[in-house]
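# Structural description and commentary
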Amino acid sequence: MNTSELGPVWKRKTGGMTNTTTLLIPSETAVKDKNKNKNKSKKKREKAERSYGLVSFQELPEYMKDNEFILNYYRAEWPLKETLFSIFRWHNETLNVWTHLIGFILFLGLTFANLMHVPQLADFITIFTRHFPTSTEANFSHNSKEFLLRPTKLIDLKQELPFPMDITPPEVAATQWPFFIFLGGSMFCLLSSSICHLFSCHSHHLNLLLLQMDYVGIAVMIITSFFPPIFYIFQCDPHWQFIYLGGITVMGICTIITLLSPGLSTGKFRSFRALLFVSMGLFGLVPAIHALVVNWGEPQRNVTLAYESAMAVSYLVGAMFYVGRIPERWKPGWFDLAGHSHQIFHVFVIMGALAHYGAALVFLEYRGRIGCDRNI
Ligand SMILES: [Zn+2]
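Residues numbered from 1 in each chain as written. Predicted model: local features only at pLDDT ≥ 70, side-chain atom pairs only at ≥ 80, totals over all residues.

### Focus: the UniProt feature "binding site: Zn(2+)" (unreviewed entry) in the protein chain
Definition in use: UniProt positions are given in the numbering used here, feature names are shortened, and annotations may be inferred rather than shown by experiment. Per the convention used, a helix needs a DSSP run of H or I reaching at least four residues, while a strand needs a run of E reaching at least two, with both numbered from the N terminus. Neighbour density around each residue's C-beta defines its exposure: 20 or more other C-beta atoms within 10 Å make it buried, 12 or fewer make it exposed, and counts between make it partly exposed, where C-beta atoms are placed from the backbone. Note on contacts: residues are paired as contacts if their backbone-placed C-beta atoms lie within 7 Å.
Per the UniProt record, the feature "binding site: Zn(2+)" (unreviewed entry) sits at H197, H342 and H346. Spatially, the listed residues are clustered: although they cover 150 residues, their C-alpha atoms lie within 11.4 Å of one another. The topology assignment puts H342 in helix α17 (residues 341-370). Take H342: there are 22 C-beta atoms within 10 Å of it, and that puts it in the buried class. Discounting residues that sit within four places of it in the chain, H342 has contacts with N96 and Y322. With respect to the element layout, H346 can be found in helix α17. According to the C-beta neighbour criterion, H346 is buried, with 25 such atoms within 10 Å. Beyond its immediate stretch of four places on either side in the chain, H346 contacts N96, T99 and H100.

Now the structure itself:
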């Protein structure tokens, strides 16, 4: 609300009240004046509220002009309070905020389910592994959280297994932090994206800051996604574990430093940013091929490969929508509120992260069972 506009009205009202003549004999004119002032103030308030209406692309300040194919329903330079409550209003960022907010809540739920030993919830994604039969899956598919969350069970398992197998000490098999690092990185990315979409219309300064936070969030999610597969695949070969995890961390930090340069937040560099993220993702091909060659005969190969391929396809298809600004470029103005590229990109990011979660569960479970006796 523009207080400078309301200021004079408030002063006039106060002036009227302190006038002794008016106080002693409330004449008809004074009452009329008071009502007039009241109406004026009400009108100004309404006008100010109306001024937080949605605007078109042309009316936007230059720094907010990001996607010329989205023509209407923009919020521009709203106060923080109005911006916060716009989470419950329809504008062209509503679904961008909610898609990643729901994704964040979903990952928060998965984190708690894993921390608080709720097998059915934490394991829901691996329901799909039932469709990828492997020779030993029947032995491995049930009750995975018993091993995830109660490492001492490994001792019992040794007696229960239908075939002889040496199991490494529980403290090696039960390492869970890489799994939670990934969950934490995903939650950070989804939440910062959601906050960015909600508040970046407030001011130029906040817009730049939140966009940078959003890009850092994506980089953090990519880096942390590498931790479960690389850690568990190469758990018994710390040399490669260090090379790959060190490599992706250094690469991620370089990407973050590059993206923190304010000039790179503009629409002009959309493809460049996507290229940086995709190359970080492609770095994963090196350890993936390495792991495949070393563990070609392992029964879990098809399951993890299917999950990780689903993740790669989700991220790549999402990035294509993001860069191509499809479908809004075909019908500008048609997808302003729902169905534009960024919303589709968000949905693919969540699907990719869920596929990777499924793979991480399989890696963790398998390594938990066999320890360092064999590679995955
Ligand atoms: Zn986004």
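### Digging into unusual backbone geometry
Put simply, I326 and P327 share a cis peptide bond, and its omega is 10°. Its identity is not glycine, yet Y73 carries a phi of approximately 65°, on the positive side. When you line up the elements, Y73 lands in the loop between α3 (28-50) and α4 (80-85). Judged by the 19 C-beta atoms lying within 10 Å of it, Y73 is partly exposed.

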